[in-house]
Amino acid sequence: MSKGKLRLGVNIDHVATVRNARGSAYPDPVRAAKLAEMAGADGITAHLREDRRHITDADIDGLMAALTTPLNFEMAATTEMQAIALRHKPHAICVVPERREERTTEGGLDVLRDEARLAGFIAPLREAGSRVSIFIGADAGQIRAAHRIGAAVVELHTGAYCDYHAEGDFAARDAELARLTEAAALADSLGLEVHAGHGLTFDTVQPIAALPQVMELNIGHFLIGEAIFIGLAEAIAQMRRLMDDARS
Ligand code: PXP
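Nothing here was measured: the structure is a model prediction, and the numbers come from that model. (Residues numbered from 1 in each chain as written. Predicted model: local features only at pLDDT ≥ 70, side-chain atom pairs only at ≥ 80, totals over all residues. Heavy atoms only, no water.)

A.B. asks: Can you walk me through the packing of aromatic side chains in this structure?
C.D. replies: Here a ring pair, both rings aromatic, is described through the centre-centre distance and the interplanar angle of the planes. Using the criterion set out here, one finds 1 aromatic pair in the structure. Taking the centre distance of 4.8 Å and the plane angle of 75 degrees together, the rings of Phe202 and Phe222 count as edge-to-face. With Phe202 in the loop between strand 7 (193-197) and helix 9 (205-209) and Phe222 in helix 10 (residues 221-230), the pair connects residues that are 20 residues apart, well separated along the chain. A relative accessible area of 17% places Phe202 in the buried class. Overall, Phe222 belongs to the partly exposed group, its relative accessible area being 21%. (Phe/Tyr/Trp six-rings, centres within 6.5 Å; stacked < 30°, edge-to-face > 60°. Helix = DSSP H or I, 4+ residues; strand = E, 2+ residues; numbered from the N terminus. Buried < 20%, exposed > 50% of the residue type's maximum accessible area, 1.4 Å probe, protein only.)

Here's what the structure looks like:
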């Protein structure tokens with residue numbers, strides 16, 4: 001049985017990527033976020049990276065002021081980001097691993113290796129009222145560690161599943177989907193809320209949306225790319241329909 005409506009968080013980082021490519025003031029990610037809300041997004045996700053390569057501090061100020069849906073603030077587990085999060089107190093914080101040389105968030109957080117520090121890192125964020133999510137791979141040890149450190153949510157990394165699909169390696173894709181299915185069930189059994197995201201497209205979203213424990217998907221790059229062809233509102237509406245169909 002599904003636990004109800006699956007939420008869609010729209011990640012607007014790559015609107016800022018396009019803006020920053022020219023050093024201009026447009027396209028404005030806050031405007032995109034408002035449009036996404038009107039088109040059916042249940043929340044907005046933005047990743048303030050250490051190198052500010054897309055979203056900037058001013059964008060976070062703008063989003064906090066303008067949004068009517070919750071902001072999911074993605075960040076690395078650094079003291080700088082912790083201070084910014086404590087200043088804004090966003091509805092949700094997703095802690096992600098970050099490496100300067102990566103093009104995008106490549107893997108999940110290694111909670112097992114950094115358990116004591118991460119427990120201390122998220123405690124003040126929770127006390128400030130933010131729901132803390134940990135971005136991890138489909139791994140039982142990491143899920144149990146996320147639970148131990150006091151996270152409310154785990155976001156399961158769907159990047160490998162999507163990559164295998166794109167490469168046409170359907171056996172590996174299905175094996176990864178089986179791991180994600182087991183991981184969602186385990187996290188839910190521990191009382192963690194389950195989210196998922198990374199790399200999802202119209203072609204890959206439905207098997208993930210169909211996992212009954214998954215409560216939220218965070219999707220960005222594909223939607224912003226598709227917006228070039230069909231518009232952001234229509235891309236979000238189509239994604240929403242696919243998610244709802246998979247759920248019913
Ligand atoms: N979830 C997390 C934790 C992410 O880091 C990202 C990428 O910023 C996404 C979801 C969205 O991934 P994509 O842009 O590939 O849809």
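A.B. asks: When you look at the site of the ligand in this model, what are you seeing that I'm missing?
C.D. replies: Around the ligand sit 15 residues, and of these Glu74, Glu155, Gly199, Gly220 and His221 come closest. Between the ligand and Asn11, the relevant distance is 3.3 Å, taken from an oxygen atom to a side-chain nitrogen or oxygen of the residue. Here an oxygen atom of the ligand sits 2.8 Å away from a polar atom, N or O, in the main chain of Gly220. For the ligand, whose free accessible area comes to 390 Å², the fraction covered by protein is 95%. (Near = heavy atom within 4 Å. Polar contact = N/O pair within 3.5 Å; in protein donor to acceptor, adjacent residues only side chain to side chain. Areas by Shrake-Rupley, 256 points an atom, 1.4 Å probe, with all protein chains shown as cover.)

A.B. asks: In this structure, what is going on with the side chain of Ser130? I would like to understand it.
C.D. replies: Tracing the backbone shows Ser130 in the loop between helix 5 (115-127) and strand 5 (131-136). When neighbours within four sequence positions are excluded, Ser130 is seen to be in contact with Lys89, Pro90, His91, Ile93 and Leu125. (Contact = heavy atoms within 4.5 Å.)

A.B. asks: Explanation requested: helix 1 (residues 13-22) in the structure shown.
C.D. replies: Since the α-helix packs 3.6 residues into each turn, any two residues three or four apart lie on the same face. Those residues of helix 1 that sit buried are Asp13, Val15, Ala16 and Arg19. Axial view of helix 1: buried residues confined to an arc of 155 degrees, hence all on one face. In helix 1, the exposed positions that point more than 90 degrees away from the buried face belong to Ala21 and Arg22. Along its buried surface, helix 1 packs onto strand 1 (7-11), helix 2 (29-38), strand 2 (43-47), helix 3 (57-66) and helix 10. After helix 1 finishes, the residue Gly23 shows a positive phi value of roughly 60 degrees. (Arc of directions from axis to C-beta.)

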